[in-house]
Number of protein chains: 2
Amino acid sequence: MTTVLKLGGSVITEKDSPETLDDDALSAVADDVAGADVSDLVVVHGGGSFGHHNAAAHGVTTENGSHETTAVADIHGAMKTLNESVLAHLRDRGVPAVPVHPLSAARRDAEGALTLFTEQVAAMLDEGFVPVLHGDLVVHDGEGVTVVSGDELVVDLADTLDADRVGLCSTVPGVLDEDGAVVARIESYEDVADALGGSDATDVTGGMAAKVRELLALSAPANVFDADGVGPFLAGESPGTRID
Amino acid sequence: MTTVLKLGGSVITEKDSPETLDDDALSAVADDVAGADVSDLVVVHGGGSFGHHNAAAHGVTTENGSHETTAVADIHGAMKTLNESVLAHLRDRGVPAVPVHPLSAARRDAEGALTLFTEQVAAMLDEGFVPVLHGDLVVHDGEGVTVVSGDELVVDLADTLDADRVGLCSTVPGVLDEDGAVVARIESYEDVADALGGSDATDVTGGMAAKVRELLALSAPANVFDADGVGPFLAGESPGTRID
């Protein structure tokens, strides 16, 4: 049973302060992971104030790239710093976490399609490790390097690893309806089209509408929840919104 | 025209002092790379006092692995620190160097056979970057993580990238004959069998005899030289020993 857990960058960092960890939030999530009884777990975290700040400073998005190695050093470097903090919090609690850096493991073709090498991730799971990936840069034909978001990695990993469960922890308790209440279950985009509207462009790596569409396309069920949902999700419950 | 250049760990670090750079030596090599007119260059560096010290402390070799994340943190962490120093020296001189960490990009099967993802390396070359790989840990079926040497990566990259030239910079000026003189050319192992003898086990990642056998098996010609040979090699000359 393979589980992919995404930790939003906004959850584990202070999004408004450049390169600042939210140590309390990360510690709480790490406690939940350490306390869970899950066998094959892959963790993916976003960039928060480590990734987005540096990507914005260099004008790099998922589509607009850079050939400057200072951009690579700043953005990829900041993400490796955040990744090391996540790993350290997990290791300190006995979680056998090891890093996988997407810049080293993936590429985009000229159309932006991502190829992520995942044989090493599957092998790490078989050896009892918890691979921890992160939003990062990725080499992109004709663009130099562009951003790859944690969400995009989650969707790719869920498919290539044939994951059984996908959980996305963000700062909202689920997909919200027009009255701000959590939608318990989404089985087609029409269920929430009115609430989410047509706009996909609420942040650099895609808003909730795009996320819902991608999660609906997965063969595995996905749950969208906030930090309070991590423990219940890993215990097998269905916190927040279930998208299936 | 694709060139793979290996920088021995003993060349760029103080091998007897744990995790200590040989800044003068690394700066000289970086100057040579920056001054060279080569189009598609891949650099691989060894571990020197960053890798070997930590691997020995945890008892990890190319065959004997570990499932301890402290081993991963120490060995892989030290190698990323060395890699960042190599990248910084190259970037400071205008070389568009970007990192590729083998732990994120490779795996070994139960028999020890290495699978290294190289599509991202080829794409980086196409975008004008100089990918810089390094000796590292790699997930290994049944063993947890084991060591992958820079030399093993060079051989794999030379084949998968269909390299035109391979250069190995170590602390000796080439393959030496029984009188200590550099052998100019080796075309079969018999040329040097008496000088190299039967022992392959002179260091943890294989001695010169094993190296010569591996280089003879490549389709690309390889040169073995010391730090003085880096500039001439990148200028198209044939310093040290040519193995072809």
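The shown structure was predicted, so the numbers you read here are calculated from the model rather than taken from an experiment.

1. Structural notes on the sheet that holds strand β10 (residues 185-186) of chain A
Residues and elements named next belong to chain A.
1) Next: Here we have eight strands laid out as an open sheet, ordered β3-β6-β2-β1-β9-β11-β12-β10, and mixed in their pairing. Either end of the sheet is taken by a strand with one partner, and the two such strands are β3 (97-99) and β10.
2) Next: Judged from the three bridges that link them, β3 and strand β6 (residues 130-134) form a sheet pairing that is parallel. Counterpart to valine 98 in the pairing with β6 is proline 131.

2. So, the interface of chain B and chain A
1) Next: With 34 residues of chain B at the contact, the number on the chain A side is 34 residues.
2) Next: Roughly 2,700 Å² of surface becomes buried between chain B and chain A when both sides are summed, with 66% attributable to carbon and sulfur atoms.
3) Next: Joining chain B to chain A, the criterion identifies two salt bridges.
4) Next: In this structure, A:Glu119 engages B:Arg107 in a salt bridge whose closest nitrogen and oxygen atoms are separated by 3.3 Å.
5) Next: The tally of links between chain B and chain A comes to 16 residue pairs in polar contact (both at pLDDT 80 or more).
6) Next: Secondary structure elements with two or more residues in the side of chain B that touches chain A: α4 (69-92), β3 (97-99), α5 (102-105), β4 (106-108), α6 (119-126), β7 (136-140) and β8 (144-148) of chain B.
7) Next: If you tally residues by element for the side of chain B that touches chain A, the top one is α4(B), at six residues.

3. Some words on the relation of the copies chain B and chain A
Each of the two copies of the chain can be brought onto the other by a rotation about an axis and a shift along it.
1) Next: The transformation that overlays chain B on chain A combines an axial shift of 0.0 Å with a rotation of 180°, and the residual RMSD is 0.0 Å. Such a turn and shift between the copies fits a two-fold axis. Minimal C-alpha distance to the rotation axis in chain B is attained by B:Ala105, lying at 2.4 Å.
2) Next: An overlap of 100% is found between the interface residues of chain B and their copies at the interface of chain A, pointing to a shared contact surface.

So, how was this worked out
- Residues numbered from 1 in each chain as written.
- Chains lettered and ligands numbered in written order.
- Predicted model: local features only at pLDDT ≥ 70, side-chain atom pairs only at ≥ 80, totals over all residues.
- Heavy atoms only, no water.
- Pairing = 2+ DSSP bridges.
- Helix = DSSP H or I, 4+ residues; strand = E, 2+ residues; numbered from the N terminus.
- Contact = heavy atoms within 4.5 Å.
- Buried area = accessible area lost by both parts, 1.4 Å probe.
- Salt bridge = Lys/Arg side-chain N within 4 Å of Asp/Glu carboxyl O.
- Polar contact = N/O pair within 3.5 Å; in protein donor to acceptor, adjacent residues only side chain to side chain.
- Least-squares fit on C-alpha atoms with pLDDT ≥ 70 in both.

Purely geometric numbers; function is a separate question.
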